[in-house]
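Listed below are the residues making up each chain.
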Amino acid sequence: MIKVQMPSNGRATGIGGFFFKAKNPEKLARWYEAMLGIQLTPKNYDDPPWRTEGGTTVFEPFAEDTDYFGAEGQSWMINFRVDDLDHVVLRLRNAAHDVHYEGDGDPFPNGRFAKLHDPEGNAIQLWEPGGKDPG
Amino acid sequence: MEKVTGIGGFFFRASNPESLSLWYRDNLGIDLAPQKTGGAPWVQETGFTVFDPFPMQNDMIPAGKAWMMNFRVGNLQAMIDQLRANGNGVPDLTDYPHGKFVEFADPEGNGIQLWQPPAG
């Protein structure tokens, strides 16, 4: 039985970082910068890191046997909000990445989605918020 | 350049997804996925996000795990007090030039870092 106790003043206000294991961290970070515009982590405390906009965030544990993340050994998937999904998908496809629109690109009640994997096989979902969810 | 503007979701495998999502709700105030409950989603504030691939061998991400999440908080000491009151083992915070930090793990051993950015 889980004790339900809503936080009074201690509430996570956002995602301040995401760290994940990679075979070639530097190369992968440069891929995220080139393909998705995610700034590299600064080497010092004077330069600012990537600044993310606020908005709707679905933080959700999935069943161990989910097939939603692609490969069996892949333990996570991250969703990035985008303003212009088609633009980002085109760039990725031009760089020879396999990108699939979910629902054939037709809008879901909360926007449009596409999925891909980064060069190390990590699952990525791109989301252009819309409809009931402005993001 | 058209860039991604933020993180709209994070999905991860869990032995017990339901109880773990309740743990995040009750301990960190992260609302459940609206697709499941019809309720309001968790809404992030604008802020800095360090998105960083790590070497396979590192001393940050717990052994046997592939990722670690950093959450921003407004008052880290209040959050630590709350976590401890709920029975979680959490060390004391550490003060750095770029804010206050603490690291611990969720009930399934996933690494969590909490960060209170400096004021201003």
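Residue numbering note: each chain is counted from 1, following its sequence as written. All chains are assigned letters beginning with A, and all ligands numbers beginning with 1, in the order in which they are written. Reporting in this predicted model follows two pLDDT cut-offs: at least 70 for local features of residues, and 80 or more for side-chain atom pairs to be given and counted; totals over whole chains, interfaces and linings ignore these cut-offs and use all residues.

Student: When you look at the overall build of chain A in this model, what are you seeing that I'm missing?
Tutor: Only DSSP runs of H or I covering at least 4 residues are called helices, and only runs of E covering at least 2 are called strands; the numbering of each starts at the N terminus. The helix and strand inventory of chain A stands at two helices and seven strands. Order of helices (α) and strands (β) in chain A, N terminus to C terminus: β-α-β-β-β-α-β-β-β.

Student: Just checking my understanding: could you explain the interface of chain A and chain B for this structure?
Tutor: Taken together, the contact pairs 64 residues of chain A with 63 residues of chain B. The dominant element in the side of chain A that touches chain B, judged by the number of residues it contributes, is strand β1 (residues 12-22) of chain A, at 11 residues. Across the side of chain A that touches chain B, the residue classes tally to 33 nonpolar, 20 polar and 11 charged. The sheet contact formed by strand β3 (residues 55-63) of chain A and strand β2 (residues 42-44) of chain B spans three bridges and is antiparallel. Of the residues in β2 of chain B, the one forming a bridge with T56 of chain A is V43 of chain B. Residues are defined as contacting one another if the C-beta atoms placed from their backbone atoms lie within 7 Å. Ten residues, namely Ala, Val, Leu, Ile, Met, Phe, Trp, Tyr, Cys and Pro, are considered nonpolar, four, namely Asp, Glu, Lys and Arg, are considered charged, and the remaining ones, Gly among them, are considered polar. One bridge is not enough; two strands pair if DSSP finds at least two bridges between them.

Student: Would you mind going over helix α2 (residues 85-94) of chain A with me for this structure?
Tutor: In an α-helix, one turn spans 3.6 residues, which is why side chains three or four residues apart end up on the same side. Residues and elements named next belong to chain A. Any residue with 12 or fewer other C-beta atoms within 10 Å of its own C-beta is exposed, any with 20 or more is buried, and the rest are partly exposed; the C-beta atoms used are placed from the backbone. Within α2 the residues assigned to the buried category are L85, V88 and V89. All buried residues of α2 lie within an arc of 100° about the axis, which places them on one face of the element. Buried residues along α2 sit in contact with β4 (76-82), β6 (111-117) and β7 (123-129). A96 sits one or two positions beyond α2 and adopts a positive phi of about 70°. Working note: the arc is built from the helix axis to C-beta atom directions.

Student: Is there a simple way to explain the confidence of the model for chain B in this structure?
Tutor: Residues shown with low pLDDT carry predicted positions that ought not to be read at fine detail. Residue and element names in this part refer to chain B. Confidence scores here are pLDDT values: one per residue, from the predictor, ranging 0 to 100. When pLDDT is averaged across chain B, the result is 94; 99% of the residues are at 70 or more. Confidence, read as mean pLDDT per element, is least for helix α2 (residues 34-37) in chain B (76) and greatest for strand β4 (residues 67-73) (98). Quick note on the complex model: pTM equals 0.93, ipTM equals 0.95.

Student: What am I meant to see in the pairing of strand β6 (residues 99-105) of chain B here?
Tutor: For a regular strand, side-chain orientation follows a simple rule: the groups alternate between the two sheet faces. Residues and elements named next belong to chain B. Judged from the three bridges that link them, strand β5 (residues 94-96) and β6 form a sheet pairing that is antiparallel. What sits directly across from Y96, in β6, is G99. Pairing geometry for β6 and strand β7 (residues 111-116), over six bridges, is antiparallel. For E103, the partnering residue across the bridge sits in β7 and is Q113. Hairpin connection from β6 to β7: five residues lie between these consecutive antiparallel strands, with G109 at a positive phi of about 90°.

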